[in-house]
Amino acid sequence: AGRSAGAQVALVTKSGTNQFHGSAYEYNRTTVFSANDYFLKTSELASGLPNKRSPLIRNVFGGSVGGPVIKNRLFFFANYEGRRDREAVSVVQTVPTASMRAGNLIYENVNNGLTTLTPAQIQQMDPLGLGNSTAIMSILQSYPLPNDSTSGDGHNTAGFRFAANEKRKFDTYIARLDYNLTADGRHALFARGNLQNDHLGGAPQFPGQAPATTTLDNS
């Protein structure tokens, strides 16, 4: 409360009448008029992949209907709107380089510049003589190879950029009842309700995986 400024909005919901009325609509946006993300294009070309623009689909549709339940006394109005998004967003994750996947460790030496410790040298430095953990090496090799230089230290880690497909589903329902207590309509009661049912799937950690986060808004 009081954290930030906000608008004051007043809304009026339509009422039903003595005649049945309805409406329907749809707006659709497709990838045809979209361009590829610059960083995705760069990483695709660096990996030898074709320059392919990412999906961007937004489809908004809905309808309404209203009319009498009891002529002159009881009326109803209902509205529905849905929206479906399919959008690929540019995501970059930090992954181990080919050198680190092989068990090498590169660090900056004040006197000699960059120094590379090989697996054999790391094992010699280990008091127990164990060296690199085979379990950790298996995990490092499960990551995709880097294709982006905007993250990581550039020696042991670098970036892996990909187009992450996000799916979003929005549904909104509104219903209203109006009742005239008197025949002349001077005294009336109304009730209305609104239900929001939104599912937002976040980007996956890596391609082919499930969304890292899923948000449900059921206000």
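These numbers come from a predicted model, not from an experiment.

S.K.: Could you give me a rundown of the nonpolar core, with the residues and numbers involved?
M.R.: Of all hydrophobic cores here, the largest spans 7 residues; its members are V91, V95, F160, F162, A164, A203 and F206. The set of elements that each furnish at least two residues to this core consists of β3 (74-96) and β6 (157-180). With 3 residues, β6 is the largest single contributor of residues to this core. The residues touching V95, leaving out its near neighbours within four places in the chain, are Y143, P144, L145, P146, N156, T157, A158, G159, F160 and F206.

S.K.: Mind laying out the pairing of strand β1 (residues 21-29), listing which residues take part and the relevant values?
M.R.: Among the 9 residues that make up β1, 0 are buried, leaving the element largely open to the surroundings. Inspection of the sheet shows β1 paired to strand β2 (residues 56-70) by 9 bridges, in the antiparallel sense. Each residue of the ladder has a partner; that of H21, found in β2, is G66.

S.K.: Report on a nonpolar patch on the surface, specifying residues and quantitative values.
M.R.: A cluster of nonpolar side chains, V69, I70 and L177, forms an exposed patch at the surface whose accessible area comes to about 260 Å². Its relative accessible area of 45% is what places L177 among the partly exposed residues.

S.K.: Describe the side chain of Q93, with residues and values.
M.R.: Along the chain, Q93 falls in strand β3. A relative accessible area of 17% means that Q93 is categorised as buried. Within the structure, Q93 has its side chain in polar contact with the backbone oxygen of Q205 (distance 3.3 Å). Discounting chain neighbours no more than four positions away, the residues touching Q93 are S151, A158, G159, F160, F162, P204, Q205 and F206.

Calculation rules
- Residues numbered from 1 in each chain as written.
- Predicted model: local features only at pLDDT ≥ 70, side-chain atom pairs only at ≥ 80, totals over all residues.
- Heavy atoms only, no water.
- Core = buried A, V, L, I, M, F, W, Y, C linked by side-chain atoms within 4.5 Å.
- Buried < 20%, exposed > 50% of the residue type's maximum accessible area, 1.4 Å probe, protein only.
- Helix = DSSP H or I, 4+ residues; strand = E, 2+ residues; numbered from the N terminus.
- Contact = heavy atoms within 4.5 Å.
- Pairing = 2+ DSSP bridges.
- Patch = residues over 30% accessible without salt bridge, like charges linked within 9 Å, V, L, I, M, F, W, Y side chains within 5 Å.
- Areas by Shrake-Rupley, 256 points an atom, 1.4 Å probe, with all protein chains shown as cover.
- Salt bridge = Lys/Arg side-chain N within 4 Å of Asp/Glu carboxyl O.
- Polar contact = N/O pair within 3.5 Å; in protein donor to acceptor, adjacent residues only side chain to side chain.

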